[in-house]
Amino acid sequence: MSEAAQTAVKDDTERLETNAVSVHFEGLAALEDLSLSLGKNEVFGLIGPNGSGKTTFVNVVTGFQKPTRGTVLLGGLDVTGWSAHRIGRRGLARTFQAVRLFRELTVIENLEIAAVGMGLGRRQAEKRAFEILAWMAFAHKAYDQADTLPYGEERRVGIGRALATAPRFVLLDEPAAGLTDAECDELMQLISRIPKDFGCGVLLIEHNMRVIMGVCQRIHVIESGKTITEGTPDEIQSNPEVIRAYLGTKSEKRRA
Ligand code: ADP
Ligand code: MG
């Protein structure tokens, strides 16, 4: 781990925080007074049934969606309403539920472009891209064209690309969707190492409870855009309200 990363891990004063964020879409309250706060040394889970506002939350924090009310603070700085590009430059990176790689380009080019977008020169961008591919045991595929990758690997490159921007926080929107159990294991390993190795906090949205419970230090649960509770994996798993709202919904869906 670099010296800078070590300092970052020790210094947990830099947080990503939202205060009473609400998003209304013509009468529909997608988010209602959502406040949460995560540090750079943790993997923080955000869970809730489909349509509960998780992606909307990521959109607000990363500047893809303006909140109706409330504020987003990054390291104490109010970044509410900033453009996605400006927020990205300030240190927030995300992945999308649907992978969006440049399919005609190689794996390493996909990472390099992200790094260049943050202001790195070509040489530095290439170096950083290589370091990240090596970190995720993917250097052997650096020169494969992105559209030749199987789905699980494509998703992994999506995370690599987010990390190539040297973020202070990365927001992962359902990264395990469609992965096999073995791929989920690899993903869990990777996600767990992000805070320590990059000095970068992780907000993890995921339906796969094994992944969530396995990697998060704290979990925030929402339903219909509102907070139900927040706690450790043990607290969340034994919370009757969570079981009703979230785990209950899932089993109903399975029956459907
Ligand atoms: P989740 O990611 O938890 O499944 P979303 O954040 O995607 O939930 O959606 C929350 C709610 O907001 C849903 O009811 C969804 O239909 C609605 N919604 C999301 N984006 C828009 C939009 N751009 N316009 C109108 N409604 C939206
Ligand atoms: Mg979503």
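Residues numbered from 1 in each chain as written. Chains lettered and ligands numbered in written order. Predicted model: local features only at pLDDT ≥ 70, side-chain atom pairs only at ≥ 80, totals over all residues. Heavy atoms only, no water.

Structural notes on the site of ligand 1
For step 1, the next point in the chain: The immediate surroundings of ligand 1 are formed by F25, L28, A30, P49, N50, G51, S52, G53, K54, T55 and T56.
For step 2, the next point in the chain: Note that an oxygen atom of ligand 1 is positioned 3.0 Å from one of the backbone N or O atoms of G53.
For step 3, the next point in the chain: T56 has a polar side-chain atom sitting 2.6 Å from an oxygen atom of ligand 1.
For step 4, the next point in the chain: Protein burial of ligand 1: of its 560 Å² of free accessible surface, 58% is covered by the chains.
For step 5, the next point in the chain: Here the element with the most residues in the shell around ligand 1 is helix α2 (residues 54-61); it accounts for three residues.
For step 6, the next point in the chain: Partitioning the shell around ligand 1 into residue classes produces four nonpolar, six polar and one charged. (Near = heavy atom within 4 Å. Polar contact = N/O pair within 3.5 Å; in protein donor to acceptor, adjacent residues only side chain to side chain. Areas by Shrake-Rupley, 256 points an atom, 1.4 Å probe, with all protein chains shown as cover. Helix = DSSP H or I, 4+ residues; strand = E, 2+ residues; numbered from the N terminus. Nonpolar A, V, L, I, M, F, W, Y, C, P; charged D, E, K, R; others polar.)

Observations regarding the coordination of the magnesium ion (ligand 2)
For step 1, the next point in the chain: The coordination sphere of the magnesium ion (ligand 2), as far as protein atoms go, consists of T55 (OG1) and Q97 (OE1), spread over 2.1 to 2.5 Å. With T55 in helix α2 and Q97 in the loop between β6 (92-94) and α4 (107-117), this residue pair connects regions lying 42 residues apart in the sequence. (Donors = N, O, S within 2.8 Å, 3.2 Å for Na, K, Ca; no water.)

Details of the packing of aromatic side chains
For step 1, the next point in the chain: Summed over the entire model, instances satisfying the criterion amount to three aromatic pairs.
For step 2, the next point in the chain: Relative to F96, the ring of F64 lies with its centre 5.7 Å away and its plane at 85°, an arrangement referred to as edge-to-face. In this pair, F64 sits in the loop between α2 and β4 (69-74) while F96 sits in the loop between β6 and α4, placing the two residues 32 residues apart along the sequence.
For step 3, the next point in the chain: Their ring planes at 80° and their centres at 4.8 Å tell us that W135 and F198 sit as a pair that is edge-to-face. Separated by 63 residues along the polypeptide, W135 in helix α5 (residues 122-135) and F198 in helix α7 (residues 181-198) bring together distant segments of the chain.
For step 4, the next point in the chain: With a relative accessible area of 15%, W135 lands in the buried category. (Phe/Tyr/Trp six-rings, centres within 6.5 Å; stacked < 30°, edge-to-face > 60°. Buried < 20%, exposed > 50% of the residue type's maximum accessible area, 1.4 Å probe, protein only.)

Describing the sheet that holds strand β10 (residues 226-231)
For step 1, the next point in the chain: Read across the sheet, six strands follow the order β6-β7-β8-β3-β9-β10 without closing on themselves; strand pairing throughout is mixed. The open sheet has two edge strands with one neighbour each: β6 and β10. With direction set aside, neighbouring strand axes in the sheet form an average angle of 20°.
For step 2, the next point in the chain: In this sheet, strand β8 (residues 201-205) lies alongside strand β7 (residues 169-173) in parallel orientation, the contact comprising five bridges. Note that in β8 the partner of L172 across the bridge is L204.
For step 3, the next point in the chain: Packed onto the sheet, α2 meets β3 (43-47), β6, β7, β8 and β9 (218-223) and runs at close to 150° relative to β8. (Pairing = 2+ DSSP bridges. Axes fitted to C-alpha atoms, helices over the stretch in contact; angles between N-to-C directions. Contact = heavy atoms within 4.5 Å.)

Considerations on unusual backbone geometry
For step 1, the next point in the chain: Phi is positive for E26, close to 40°, though the residue is something other than glycine.
For step 2, the next point in the chain: Although it is not a glycine, A166 adopts a positive phi angle of roughly 50°.
For step 3, the next point in the chain: Within the element layout of this structure, A166 appears in the loop between α6 (151-163) and β7.
For step 4, the next point in the chain: On the basis of relative accessible area, A166 is assigned to the partly exposed category, the value being 43%.

A short note on the pairing of β7
Successive residues of a regular strand alternate their side chains across the two faces of the sheet.
For step 1, the next point in the chain: The element β7 is largely enclosed, with a buried count of five among its five residues.
For step 2, the next point in the chain: Pairing analysis gives three bridges linking β6 to β7, with the strands arranged parallel. Of the residues in β7, the one forming a bridge with L92 is F169.
For step 3, the next point in the chain: Remark: the β7/α7/β8 crossover connection has right-handed handedness. (Right-handed = clockwise from strand over helix to strand, strands pointing away.)

Re the pairing of β3
For step 1, the next point in the chain: The element β3 is extensively covered by neighbouring structure, given that five of its five residues are classed as buried.
For step 2, the next point in the chain: The pairing of β3 with β8 spans four bridges and is classified as parallel. Its bridge partner lying in β8, G45 is registered against L204.
For step 3, the next point in the chain: Where β3 meets β9, four bridges bridge the pair, whose relative direction is parallel. Bridge pairing in β9 links F44 to R218.

Details of the confidence of the model for the protein
For step 1, the next point in the chain: Summary statistics for the protein give a mean pLDDT of 91 and a share of 91% for residues scoring 70 or more.
For step 2, the next point in the chain: Throughout residues 4-10 the model reports pLDDT below 50, and contacts reaching past four residues in sequence, or to other chains, amount to 12 contacts.
For step 3, the next point in the chain: Here residues 251-256 scores under 50 on pLDDT; set against residues more than four positions off or in separate chains, the count is one contact. (pLDDT = per-residue confidence, 0-100.)

Focus on α7
For step 1, the next point in the chain: Taking 1.5 Å of rise per residue, 18 residues should cover 26 Å, and α7 covers 26 Å from first to last C-alpha, within 8% of that figure.
For step 2, the next point in the chain: Along its length, α7 shows its largest kink, about 25°, at S192, and proline P195 lies within four residues downstream of that point.
For step 3, the next point in the chain: Buried residues of α7: C184, L187, M188, L190, I191, I194 and P195, and no others.
For step 4, the next point in the chain: Remark: G199 follows α7 within two positions and exhibits a positive phi of approximately 60°. (Expected span 1.5 Å × (residues − 1). Bend = angle between axes of the 7 residues up to and from the residue.)

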